[in-house]
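Structural characterization, general
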Amino acid sequence: MTIVVETDNIRAVADDDESNRPINWISAAWKDFGSFPQAAQSICLAALTIAAEGGKADIAKPMKGLGS
């Protein structure tokens, strides 16, 4: 898997599949994300990649209290 970083975007692209959707970041969030430990960044990027492919990562939890 290749991680592609652009100005305000980061996307994980499987080496054999260019159809993954990009993960868009707000600049402040990207800056804060960069301060996370490398291991935490790797876990989060893996979960975001799964979400971009339409799946649900094992570590994902549903948000509660926002209504239907």
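Reading the values: the criteria
- Residues numbered from 1 in each chain as written.
- Predicted model: local features only at pLDDT ≥ 70, side-chain atom pairs only at ≥ 80, totals over all residues.
- Heavy atoms only, no water.
- Helix = DSSP H or I, 4+ residues; strand = E, 2+ residues; numbered from the N terminus.
- Buried < 20%, exposed > 50% of the residue type's maximum accessible area, 1.4 Å probe, protein only.
- Contact = heavy atoms within 4.5 Å.
- Areas by Shrake-Rupley, 256 points an atom, 1.4 Å probe, with all protein chains shown as cover.
- Phe/Tyr/Trp six-rings, centres within 6.5 Å; stacked < 30°, edge-to-face > 60°.

**Considering the overall build of the protein**
Secondary structure assignment for the protein yields two helices and three strands. Out of the 68 residues belonging to the protein, those deemed buried represent 21%. Excluding contacts between residues fewer than 6 apart, the proportion of contacts in the protein whose partners are at least 24 apart in sequence is 17%. Approximately 5,200 Å² of the protein is accessible, and the part contributed by carbon and sulfur atoms is 58%.

**Quick look at the packing of aromatic side chains**
Scanning the entire structure with this criterion turns up four aromatic pairs. Taken together, a centroid distance of 4.8 Å and an interplanar angle of 40° make the contact between W25 and F33 tilted. By relative accessible area, which is 4% here, F33 ends up buried. On the numbers, 5.3 Å between centres and 55° between planes, the contact of F33 with F36 is tilted. Judged by relative accessible area, F36 falls into the partly exposed class, the value being 38%.

Structural measurements only, silent on function.
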